[in-house]
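Listed below are the residues making up each chain.
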Amino acid sequence: MTPIQALQKYFGYSEFRHQQGAIIQHVLDKKDVLALMPTGGGKSLCYQLPAVLLDGLTIVISPLIALMKDQVDSLNVNGIPAAFLNSAQNPDEQQRLMGKLRNNEIKLLYLAPERLFGSENKLVEFLKSLPVVQIAIDEAHCISHWGHDFRPEYLMLAGLKDYFPNIPVIALTATADKLTQKDILEKLNLKNPAIFISSFNRENINYTVAPKKNSFNQLLDFLEERKEESGIIYCLSRKSTEALAADLKEEGYSAEAYHAGLNNAIKARNQEAFLRDDVKIIVATIAFGMGINKSNVRYVVHMDLPKNIEGYYQETGRAGRDGLPSDAILYYSPGDAMKLKGFAKVEDNEEQSRIMLKKLDDMVNYCQLQTCRRHFLLKYFDEESDATCGSCDVCLTEFERFDGTLIAQKALSAVYRLKERFGSNYVIDFLRGSKSEKIREEHKQLKTYGVGADISKPDWQRYLRELSAMGYLQVDGGEYPVLKLTHQSEAVLKGLQKVEFIAAETVEEKHTTVEALPFEVDLLTELKNVRRDIAMHENVPAYVILSDATLVEIAT
Ligand code: ADP
Ligand code: MG
């Protein structure tokens, strides 16, 4: 049987979607594969179809018991013998399953990683004695600290290749940036893996970031015309999901909360009610969503800043599975970024802190964009796209622009003169001819020193931000990032490339609360103490002072 015949016979579909066909061919050729495909793209088929065609057992690693059960049920309905093994099964059931496995009566066996390598590797030893033909790792990003949903149990999978050195491994995920991809390949020890990346563009989702002012009222305005529609509202804390669900109910909305701290019965009830459309709104922490297949989610709202783009994109991707127009709204305040910065500091692990801070900076940059949001998101996942999508809030805003080539040249030449060794605050002080003894003494002989004194500090911050959004500058490094030139900078410096900035009035309208670049906060260490204060006085708003003397409130 050819793959396409099996597709029709067992799954009832007439053609492959995305790169399914090529991925399946690789597995059939016994090659390792990493497949990135958006949620709902059809990842399962990439290992289920080879499992049907190959003579032997496919082991599927999956993180959630609920996901396994759904998949096994639907495979069995299609006449494909599949089973899962979990701790809820009694010894009799487990023995019966072992018997079936020994007799080659099972094509796909679903397991959690800790099962496979638990109890002194008993199970993996047993499976090694069977004709295993394929190993599939679903939600493979769970193996990486840098992914957005790290699960320590997944690290056990590092031992897979020792047990099954010649069996093709197919790792699948809907969410992995470059770094996470690399980490997956390394941790799983894949051999010359082929990497397949399908388009992540979700054309029917419209992205909007709004400055967070009074987010509850903003949310009510947004929901006003969506009373009959289903949506997911993400909050950072468990407490706020419950509070917001209660507030929404009071306003007459049908809403329930969901977070990992609720007991299982309540979680199951709220999730079921949402899936059946009995409840319209689920107010959740990021614990909600994996494996949830609801097609008519019309909007996903983020009340707080997500920690990284991977998580954010995954969460917004739960809107509009049916292809109909849907909204992704994020309420952004710089205070949220400050708060998350504090959390991103991992004790005793500098590398991890650095990476988490970098990912948070990317998230903040997304919020502060004055260029197309979709383009930025796709570029983040290394996908080429048009510079403007025409449907995100930035594309829909008419910005008035002016010729800022000279300003850009001053900024870029300052970065150049300072040998790309300093962050934006320092560069701005230099441009404005700072009175600071240290800066003056060190640099006053340089030509660019003080050439930007006529421009205010906040304006310079904005220009630098736009220059990096346009690709003329880049921010390099984690905790103490420095500004660097890019391959596009030279044309501006030589006067071959004009640069336009957005006129201040139009920006201010859109970004009233955006005052400081995320990487300009140099009081990070003190932030920890501030947070300790918050814990002691729960209801007192806390502030930190940024280096440019703006005050940022830290929400508690
Ligand atoms: P993912 O794991 O990538 O989120 P799934 O594997 O759960 O996605 O597939 C999502 C849906 O798409 C399922 O209902 C599946 O049956 C369907 N599907 C998969 N491949 C095809 C195809 N080639 N043609 C039509 N539908 C498909
Ligand atoms: Mg899946």
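The structure this text deals with has already been given above.
Let me begin by describing the structure that accompanies this report. (Residues numbered from 1 in each chain as written. Chains lettered and ligands numbered in written order. Predicted model: local features only at pLDDT ≥ 70, side-chain atom pairs only at ≥ 80, totals over all residues. Heavy atoms only, no water.)

## A word on the nonpolar core
Inference 1: Of all hydrophobic cores here, the largest spans 80 residues; its most connected members are Leu127, Ile137, Leu157, Phe164, Leu305 and Tyr366.
Inference 2: A total of six residues in this core trace back to one element, the largest contributor, which is helix 6 (residues 113–128).
Inference 3: One finds Tyr47, Val60, Ala82 and Ala112 within the second-largest nonpolar core, a separate group that totals 31 residues. (Core = buried A, V, L, I, M, F, W, Y, C linked by side-chain atoms within 4.5 Å. Buried < 20%, exposed > 50% of the residue type's maximum accessible area, 1.4 Å probe, protein only. Helix = DSSP H or I, 4+ residues; strand = E, 2+ residues; numbered from the N terminus.)

## What about the environment of Ser326?
Inference 1: Take Ser326: it is sitting in strand 13 (residues 326–332).
Inference 2: Sequence separation between Ser326 and Arg202 is 124 residues, and the spatial gap between their C-alpha atoms is 9.8 Å.
Inference 3: Ignoring sequence-local partners within four residues, the contact set of Ser326 consists of Asn204, Ile205, Asn206, Val297, Arg298, Ala319 and Gly320. (Contact = heavy atoms within 4.5 Å.)

## Focus: the sheet that holds strand 2 (residues 57–61)
Inference 1: Taken together, the seven strands give an open sheet; going across it, the order is 3-4-2-5-6-1-7, and neighbouring strands pair in parallel fashion. Each end of this open sheet is capped by a strand with a single partner; those strands are strand 3 (82–84) and strand 7 (194–197). Within this sheet the neighbouring strands show an average axis-to-axis angle of 15°, counted without direction.
Inference 2: In the sheet, strand 1 (residues 33–36) pairs with strand 7 via four bridges, with the strands oriented parallel. Of the residues in strand 7, the one forming a bridge with Leu34 is Ile195. (Pairing = 2+ DSSP bridges. Axes fitted to C-alpha atoms, helices over the stretch in contact; angles between N-to-C directions.)

## Re unusual backbone geometry
Generally, phi is negative for residues other than glycine and the peptide bonds are trans, each holding for most cases.
Inference 1: The phi angle at Asn104 is positive, at roughly 55°, despite the residue not being glycine.
Inference 2: With respect to the secondary-structure elements, Asn104 resides in the loop between helix 5 (91–102) and strand 4 (108–111).
Inference 3: If you check the backbone angles, Lys419 has positive phi at about 60° while not being a glycine.
Inference 4: Tracing the sequence through the fold places Lys419 in the loop between helix 17 (405–417) and helix 18 (424–431).
Inference 5: On the basis of relative accessibility, which here comes to 62%, the residue Lys419 falls in the exposed class.

## Considerations on the pairing of strand 11 (residues 281–284)
Inference 1: In strand 11, alternate side chains face the same way, and those of Ile281 and Val283 on one face and Ile282 and Ala284 on the other are all buried.
Inference 2: Pairing between strand 9 (residues 230–234) and strand 11: four bridges, direction parallel. Across the sheet, the residue bridging to Gly231 is Ile281, located in strand 11.
Inference 3: Sheet topology places strand 10 (residues 255–258) next to strand 11; four bridges connect them, and they run parallel. In the strand pairing of strand 11, Ala257 is matched with Val283.
Inference 4: Remark: the strand 10/helix 11 (residues 264–275)/strand 11 crossover connection has right-handed handedness. (Right-handed = clockwise from strand over helix to strand, strands pointing away.)

## Some words on the site of ligand 1
Inference 1: Neighbouring residues of ligand 1: Tyr13, Glu15, Phe16, Arg17, Gln20, Pro38, Thr39, Gly40, Gly41, Gly42, Lys43 and Ser44.
Inference 2: Measuring from an oxygen atom of ligand 1, one finds a side-chain N or O atom of Arg17 at 2.8 Å.
Inference 3: Between Gly42 and ligand 1, the recorded distance is 3.1 Å, taken from a backbone N or O atom to an oxygen atom.
Inference 4: Of the residues in the shell around ligand 1, the class split is three nonpolar, six polar and three charged. (Near = heavy atom within 4 Å. Polar contact = N/O pair within 3.5 Å; in protein donor to acceptor, adjacent residues only side chain to side chain. Nonpolar A, V, L, I, M, F, W, Y, C, P; charged D, E, K, R; others polar.)

## A short note on the packing of aromatic side chains
For any pair of aromatic rings, the description rests on two quantities: the centre-to-centre distance and the angle between the ring planes.
Inference 1: One pass over the structure, following the stated rule, counts 16 aromatic pairs.
Inference 2: Ring geometry for Phe402 and Tyr463: centres 6.3 Å apart, planes at 70°, overall edge-to-face. Residue Phe402 is found in strand 14 (residues 401–403), and its partner Tyr463 is found in helix 20 (residues 457–469); the two are separated by 61 residues along the sequence.
Inference 3: Looking at Tyr463, the relative accessible area reads 7%, which means it is buried.
Inference 4: Where Phe402 meets Phe501, the ring centres are 6.1 Å apart and the plane angle is 45°; that geometry is what we call tilted. Of this pair, Phe402 sits in strand 14 while Phe501 is found in strand 17 (residues 500–502), placing the two residues 99 residues apart along the sequence.
Inference 5: Connected via pairs of aromatic rings, a cluster forms that spans Phe200, Tyr207, Tyr313, Tyr380 and Phe381.
Inference 6: A cation over a ring is seen here: Lys294 above Phe274, with NZ or CZ 5.1 Å from the ring centre. (Phe/Tyr/Trp six-rings, centres within 6.5 Å; stacked < 30°, edge-to-face > 60°. Lys NZ or Arg CZ within 6 Å of the ring centre and 35° of its normal.)

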